[in-house]
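Coordinate analysis (summary)
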Amino acid sequence: MGDVTTAVNLPVPSVPRVRKDPSEIRQPAGEKKVLLAAPRGYCAGVDRAVIAVERALEHYGAPIYVRKEIVHNRHVVDTLAERGAIFVDETSEVPEGARVVFSAHGVSPQVHAEAAERSLDTIDATCPLVTKVHREAIRFARDGYSILLVGHAGHEEVEGTMGEAPDHITLIQNPEEARTLDIPESDKMVWISQTTLSVDETMETVDILKKRFPQLIAPPSDDICYATQNRQVAVKKIAPDADLVIVVGSANSSNSVRLVEVALEHGAKAAHRVDFAREVDEEWFNDVATVGVTSGASVPETLVEDVLKLLAEYGYGEVDEVRTAEEDLMFSLPRELRKDLKAAGQKTSNKRDGANREHEIV
C-alpha cells in the first residue's frame, strides 16, 4: 500500500499591514484636526459586567464560565478569555455545579431555570437598565396589556425580555414593520424598547404605532439607556463638521452600529466602524480635514487611544474634545458576587482605581 497523505490545517500567519506613507494621501484644503466625542466608551452597565468577571476570576479562580459575550466587544472578550473566562452559548455547555456569569444583556426566566436544574452557581451581571425593562414586561403582562417591543430580532437583550412574557409581547424591528403590523387591537396596549437602539428611529417607529393604535401608552420612564442617548447626542454634535467619522466598536454591538448611522444621518460625509486601529483604511483620509472619533458603550478607552495615535501619524494631531454630557453613574457589583467578597473580607465596590465617579447604585 502506498503512503497515505493526511491534510493538516495550519493557521495562516498574520501579515503586518503595509500602510501608505502619509505623503501618498491627498491633502485637504483646510487644517487637519480630530473632534473627539464625549461621552464615549464604557457605560456603567458594561463597566459593572466586565469588573464582575475580573473580580470573579480573582476571587474564585479560573475557569469562570460566561454565557454569551459578557459585553459585545471583541477585545474585552478576548482579554477575559486569556485570563481564564470560558464563553459558552448556552448553560448546557457549562459543567454541572460550575460557576457561570450571565452577560450584561440579560437572560430569560428559562435560562435561570436551566441553570438551577444543573446546580450552577450563577452571577447575574445583567445591566440594571435592562432589568428595568424586564420588570416592565412582567408588570404589563400581569396587568393584561398587549406589549409592543421595539428591538432587533436575535439580540440577546430582546430574547431575554421576550422570555419574560412571550404570550404578551410582539416584536417590531423598524418603522416598516410598524406600518404593516397585524395584531388584534386591545384597549390596553403599551410599547417598550431594547435599551441600545437609535433614539430617532425608535421614536419614528413609536409615532407610527401611536397613529395606528391611539390607545398605545408609553413606559413610565425611557427604556433607551442614558449612555446610548448620550453617545448619540455627542455624535450628532460633531457629525456636521466631520468629513469622516470613525466609530470604535464591534459589529454585534447594536449601539456602535447605530452610531455610524446617526453620524451619516446628521451630516458626516463618511462614517465607518472598526474594532481596532489596524482596521482603519488610510484611504479614508484622502481630502479629509476633520475626523470625528467616538466609541460604543462597550469599548475600552485604550482602543480609542490607538485610533488617535494612528490619526496623529497621518497629521491629525490636534484633538478637540466635544463634550455634551457628564456621566458619573456607577452600578454596584452583582449581589451574589458582593456577598462572597464580603464574606471573604474583600472590597465589594465596583469603583476602579483612580475612578472619579461617586454615585454607586446598588
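Residues numbered from 1 in each chain as written. Predicted model: local features only at pLDDT ≥ 70, side-chain atom pairs only at ≥ 80, totals over all residues. Heavy atoms only, no water.

**A look at empty space enclosed by the protein**
Enumeration over the complete set of coordinates arrives at two cavities of 30 Å³ or more. Empty space within the largest cavity amounts to approximately 220 Å³. Contributing to the lining of the largest cavity are 19 residues, with Cys43, Val46, His105, Thr196 and Asn255 lying nearest its centre. For the lining of the largest cavity, the secondary-structure elements that each account for two or more residues are helix 1 (44–60) and helix 9 (254–265). For the lining of the largest cavity, the per-class residue count stands at eight nonpolar, ten polar and one charged. Of the voids in this model, the second largest cavity is the one considered here, and its volume is about 50 Å³. In terms of lining residues, the second largest cavity is bounded by Val150, His152, Gln173, Leu197, Ser198, Glu201, Thr202, Thr205 and Arg258. Residue composition of the lining of the second largest cavity, grouped by class: two nonpolar, five polar and two charged. (1 Å grid on protein atoms, 1.4 Å probe; cavity = no way out; pocket = protein on both sides within 12 Å on 5 of 7 lines; lining within 4 Å. Points joined across faces, edges and corners; volume = space filled by probe spheres on them. Helix = DSSP H or I, 4+ residues; strand = E, 2+ residues; numbered from the N terminus. Nonpolar A, V, L, I, M, F, W, Y, C, P; charged D, E, K, R; others polar.)

**Observations regarding the sheet that holds strand 6 (residues 146–150)**
Taken in spatial order, the four strands line up as 7-6-8-9 in an open sheet, and their pairing is parallel. Strands with a single pairing partner mark the edges of an open sheet, and in this sheet they are strand 7 (169–172) and strand 9 (216–217). Bridge count for strand 8 (residues 189–193) against strand 9 is two bridges, and the pairing is parallel. Of the residues in strand 9, the one forming a bridge with methionine 189 is leucine 216. Contacts between helix 4 (residues 128–142) and the sheet are confined to strand 6, strand 7, strand 8 and strand 9, with strand 8 contributing the most and set at about 165 degrees to the helix. (Pairing = 2+ DSSP bridges. Contact = heavy atoms within 4.5 Å. Axes fitted to C-alpha atoms, helices over the stretch in contact; angles between N-to-C directions.)

**Here's the deal with the nonpolar core**
The biggest cluster of nonpolar side chains holds 26 residues, and the ones touching the most others in it are Val53, Ile70, Val71 and Val101. Counting only elements with at least two residues in this core, the list comes to helix 1, strand 2 (64–67), helix 2 (74–83) and helix 11 (335–343). Per-element accounting of this core gives the leading share, eight residues, to helix 1. Each residue touching valine 101, except ones within four places of it in the same chain, is listed here: Val53, Ile64, Tyr65, Val66, Arg67, Ile70, Ile123 and Ala125. Of all hydrophobic cores here, the second largest spans 23 residues; its members include Val34, Val280, Leu310 and Tyr316. (Core = buried A, V, L, I, M, F, W, Y, C linked by side-chain atoms within 4.5 Å. Buried < 20%, exposed > 50% of the residue type's maximum accessible area, 1.4 Å probe, protein only.)

**A look at the UniProt feature "active site" (unreviewed entry) in the protein chain**
Sequence positions flagged by UniProt for "active site" (unreviewed entry) are, in local numbering, Glu157. Turning to its location among the elements, glutamate 157 is positioned in helix 5 (residues 156–164). Since its relative accessible area comes to 2%, glutamate 157 is described here as buried. Leaving out residues up to four positions away in the same chain, glutamate 157 has contacts with His105, Val130, His134, Ser193, Gln194, Thr195 and Thr196. (UniProt positions renumbered as here; feature names shortened; annotations may be inferred.)

**Some points on the packing of aromatic side chains**
Scanning the model with the defined rule gives three aromatic pairs in all. Taken together, a centroid distance of 5.3 Å and an interplanar angle of 70 degrees make the contact between phenylalanine 140 and tyrosine 145 edge-to-face. Of the residues examined, phenylalanine 140 reaches a relative accessible area of 4% and is grouped as buried. Judged by its relative accessible area of 18%, tyrosine 145 is buried. Between phenylalanine 285 and tyrosine 314 the ring centres are 5.3 Å apart and the planes differ by 55 degrees, which places this aromatic pair in the tilted class. Taken together, the residues span a long stretch of sequence, with phenylalanine 285 in the loop between strand 11 (271–274) and strand 12 (290–295) and tyrosine 314 in the loop between helix 10 (301–313) and strand 13 (319–323) at a distance of 29 residues. By relative accessible area, which is 5% here, tyrosine 314 ends up buried. Directly above the aromatic system of tyrosine 316 lies the positively charged group of lysine 32, at a separation of 4.8 Å from the ring centroid. The ring of phenylalanine 276 carries arginine 278 above its face, with NZ or CZ at 4.2 Å from the centroid. (Phe/Tyr/Trp six-rings, centres within 6.5 Å; stacked < 30°, edge-to-face > 60°. Lys NZ or Arg CZ within 6 Å of the ring centre and 35° of its normal.)

**Some details on the UniProt feature "binding site: [4Fe-4S] cluster" (unreviewed entry) in the protein chain**
UniProt feature "binding site: [4Fe-4S] cluster" (unreviewed entry): in the numbering of this structure it lies at Cys43, Cys127 and Cys225. These residues run over 183 residues, yet every pair of their C-alpha atoms falls within 10.0 Å of each other. Checked against the lining of the largest cavity, the annotated residues reduce to Cys43, Cys127 and Cys225. Mapped onto the elements, cysteine 43 comes out in the loop between strand 1 (33–38) and helix 1. Since its relative accessible area comes to 11%, cysteine 43 is described here as buried.

**Re the packing of helix 1 against helix 11**
Contact geometry for helix 1 and helix 11: axes closest at 11 Å, N-to-C directions at 35 degrees. In this structure, helix 1 meets helix 11 at a crossing whose hand is left-handed. Across the interface between the two elements, Ala52, Arg55, Ala56, His59 and Tyr60 of helix 1 pack against Glu336, Leu337, Asp340 and Leu341 of helix 11. When the residues that make up the contact of helix 1 with helix 11 are grouped by side-chain class, the tally is five nonpolar, one polar and three charged. (Left-handed = near helix turned anticlockwise from the far one by under 90°.)

**Things to note about the pattern of salt bridges**
Applying the stated criterion to the full structure yields 24 salt bridges. One salt bridge connects lysine 20 with glutamate 283, and the closest N-O pair in it is separated by 2.4 Å. Here lysine 20 is found in the segment before strand 1, whereas its partner glutamate 283 is found in the loop between strand 11 and strand 12, with 263 residues between them in sequence. Given a relative accessible area of 36%, glutamate 283 falls into the partly exposed group. (Salt bridge = Lys/Arg side-chain N within 4 Å of Asp/Glu carboxyl O.)

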